[in-house]
Amino acid sequence: MRLAALTLAVLCAAASPAVSARADVEWRADPARSSVTLTVSRLLAPRVTGHLPIAYANVVTGDGATIPRSVVARLDAAALDTGDAARDAQLRGGAFFNTRAYPAIDFSGRRIVPTSPHAFAIDGTLTMRGVTHPLHLDVHEAGELGEPGGARRIRYIASGRFRRSDFGMTSLRGLVGNTVALTIVLETVSR
């Protein structure tokens, strides 16, 4: 009985046409068109906004798809820019980002759930100051862009929030908000 079932399975597999799996496509960040904006509230003052360059990002999609299968990114914390040199120096210091010891911030997103044809949610991890915590991102826009010369590009715009105290940044609590909002613009080019 087992031999007959095995023989039938082999014959059916040989008779049916081969179904090829769609190839994965790797995309890399275009640093000139990608950035992360951090926003935090302050007591008796307007919100503080800072920008972090994306040093590296790799997105993997199925061929023809814009919603990724995986995302990894590295941010250049040492290049944090709020437009105020004194504040930037304070934020890069040991009480906040401690960029001398931890010059990079890493994100890895592995659980990606489509929420519409061109939107999805990513559950991943954020590693900052040597501490790793979960981070949820909502991608509000994802779409392939055409470009002269035929280069394929995809732009992702995402948002999320984290608590700075989760990463050991507890200085000036009460004066500076604990919740940090982030907005990510990631423009990628196929490899």
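Residues numbered from 1 in each chain as written. Predicted model: local features only at pLDDT ≥ 70, side-chain atom pairs only at ≥ 80, totals over all residues. Heavy atoms only, no water.

The chain is annotated in an unreviewed UniProt entry as Polyisoprenoid-binding protein from Vulcanimicrobium alpinum. Under the heading Sequence similarities (unreviewed entry), UniProt records this for the chain: "Belongs to the UPF0312 family." (UniProt positions renumbered as here; feature names shortened; annotations may be inferred.)

K.L.:
Hey, could you run me through the overall build of the chain in this one?
P.N.:
Counting its secondary structure elements, the chain contains two helices and nine strands. If you list the helices and strands of the chain from N to C, you get α-β-β-β-β-α-β-β-β-β-β. Put simply, the chain has 191 residues, and 37% of those count as buried. Considering only intrachain contacts with a sequence separation of at least 6, the fraction spanning at least 24 residues in the chain is 56%. Per element, the accessible surface of the chain, about 10800 Å² overall, is 57% carbon and sulfur. (Helix = DSSP H or I, 4+ residues; strand = E, 2+ residues; numbered from the N terminus. Buried < 20%, exposed > 50% of the residue type's maximum accessible area, 1.4 Å probe, protein only. Contact = heavy atoms within 4.5 Å. Areas by Shrake-Rupley, 256 points an atom, 1.4 Å probe, with all protein chains shown as cover.)

K.L.:
Hey, could you run me through the layout of surface pockets in this one?
P.N.:
To find leftover empty space, a probe the size of one water molecule is rolled over the atoms. Volume-wise, the largest pocket comes out at about 340 Å³. Residues that form the lining of the largest pocket fall into these classes: 14 nonpolar, five polar and three charged. (1 Å grid on protein atoms, 1.4 Å probe; cavity = no way out; pocket = protein on both sides within 12 Å on 5 of 7 lines; lining within 4 Å. Points joined across faces, edges and corners; volume = space filled by probe spheres on them. Nonpolar A, V, L, I, M, F, W, Y, C, P; charged D, E, K, R; others polar.)

K.L.:
Please clarify how the nonpolar core should be interpreted in this entry.
P.N.:
Soluble globular proteins tend to bury their nonpolar side chains together. Counting residues in hydrophobic clusters, the biggest one holds 42 residues, and the most contacted among them are Phe97 and Phe162. Counting residues per element, this core draws most heavily on strand β3 (residues 45-62), at five residues. Filtering out sequence-adjacent residues up to four positions away, Phe162 remains in contact with Leu38, Leu126, Met128, Leu135, Phe167, Asn178, Thr179, Val180 and Leu182. (Core = buried A, V, L, I, M, F, W, Y, C linked by side-chain atoms within 4.5 Å.)

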